[in-house]
Amino acid sequence: MRPTGIFFLFLLVCLVLGALLTYPVYQTGWIEAHPHKVMTRLAQLFILLGIWPLLRAMHLNHARDLGYGVTWPGLRRALMLGWLAGVALLSVPALAVIALGIRVPAPVAPDFWGVLIEEAVLALFSGLLIALAEETFFRGALFSAVRRGGTLSSALFWSALLYAVIHFLKPHVLSPGQTFDATASWQMFLGVFTSFVQWRHMDSLFALCLAGLLLGLGRERTGHIGGCIGMHAGWVFVIKLTRHLTDGNPDSAYAFLVGSYDGTIGWLASAWMA
């Protein structure tokens, strides 16, 4: 658990620094984004600035430690196959939620095909960027750190748990009409620790844990994260396109099968992932 605690503490410190600077930065008037987005972006900036010194201090600064101990052709092939597998895997529950009426087709816009192609390209590249960053961190550095000093089960468990929890550690959105000041900034920060323990997030949290376990098994079996990056990017691709092409239907009798996190994953996706 020690490496997991270090990584979690690092992320927490970055978030605290982001919270400290959010109000002063927002006061400059240079940024017009919502305060919770400013806090998130500042925290991400500190993560980018601090991740390499952290990895060096933990002796995780070699390609193999980060999950890249494979030739470029091998990595590229694993990434492409992983992407196809990820799209195929998550397409099953995505199509199921449509068949069950949990999500319904969105109204067709006049420029449907042009917008669809644009969204598909954005989903492809954003998925790759998200997967590259998260897999390098969780199935790369964190998995290696825990695996180096412990068992496979501990590496799988802790990397999957932190991966799932971190998705819900986000600043709260201000209430409508609430004035943003230093006090509100810290209220947003404290709200970070209440999101992931809410019951309405448990289904999505469980699904993400199972996804993390599957990705961790892929890392262990292959010895690198090429397939993990591809599969993760494929999942993001399916989720983004599903959200673009369909709308949630809260009146569905089966609405409980998907979570509120992204309207796609939930108990149904958990069962399929398991």
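Summary of the structure given here. Quantities reported herein were computed from a predicted structural model and do not represent experimental measurements.

## Considering the environment of Ser 185
Piece 1. Here Ser 185 is to be found in helix H6 (residues 182–190).
Piece 2. The class for Ser 185 is buried, based on a relative accessible area of 1%.
Piece 3. A C-alpha to C-alpha distance of 7.1 Å links Ser 185 and Thr 22, two positions 163 residues apart in sequence.
Piece 4. Here Ser 185 is in contact with Ala 19, Thr 22, Tyr 23, Met 39 and Phe 180, once residues within four sequence places are set aside.

## Side note on the packing of helix H1 (residues 2–27) against helix H2 (residues 35–57)
Piece 1. Two elements in contact, H1 and H2, have axes whose closest approach is 7 Å; the angle formed by their N-to-C orientations is 135°. Here H1 lies oblique to H2, going by the angle between them. Crossing angle aside, the handedness with which H1 passes H2 is right-handed.
Piece 2. The residue makeup of the contact of H1 with H2, split by class, is 21 nonpolar, three polar and no charged.

## Topic: the nonpolar core
Piece 1. Within the largest apolar cluster, 65 residues are counted, with the highest numbers of intra-cluster contacts made by Phe 7, Phe 10, Leu 55, Leu 60, Phe 137, Trp 235 and Phe 237.
Piece 2. Counting residues per element, this core draws most heavily on helix H4 (residues 112–149), which supplies 11 residues.
Piece 3. When near neighbours in sequence (up to four residues on either side) are disregarded, Phe 237 contacts Trp 83, Val 87, Ala 120, Ala 123 and Leu 124.

## Some points on a nonpolar patch on the surface
Piece 1. On the surface, a cluster of nonpolar side chains totalling about 500 Å² of accessible area is made up of Leu 9, Val 13, Leu 17, Leu 20, Leu 21 and Trp 186.
Piece 2. A total of five residues in the nonpolar patch trace back to one element, the largest contributor, which is H1.
Piece 3. Topologically, Leu 21 is positioned in helix H1.

What counts and how
- Residues numbered from 1 in each chain as written.
- Predicted model: local features only at pLDDT ≥ 70, side-chain atom pairs only at ≥ 80, totals over all residues.
- Heavy atoms only, no water.
- Helix = DSSP H or I, 4+ residues; strand = E, 2+ residues; numbered from the N terminus.
- Buried < 20%, exposed > 50% of the residue type's maximum accessible area, 1.4 Å probe, protein only.
- Contact = heavy atoms within 4.5 Å.
- Axes fitted to C-alpha atoms, helices over the stretch in contact; angles between N-to-C directions.
- Parallel < 35°, antiparallel > 145°, perpendicular 65-115°, else oblique.
- Left-handed = near helix turned anticlockwise from the far one by under 90°.
- Nonpolar A, V, L, I, M, F, W, Y, C, P; charged D, E, K, R; others polar.
- Core = buried A, V, L, I, M, F, W, Y, C linked by side-chain atoms within 4.5 Å.
- Patch = residues over 30% accessible without salt bridge, like charges linked within 9 Å, V, L, I, M, F, W, Y side chains within 5 Å.
- Areas by Shrake-Rupley, 256 points an atom, 1.4 Å probe, with all protein chains shown as cover.
- Salt bridge = Lys/Arg side-chain N within 4 Å of Asp/Glu carboxyl O.

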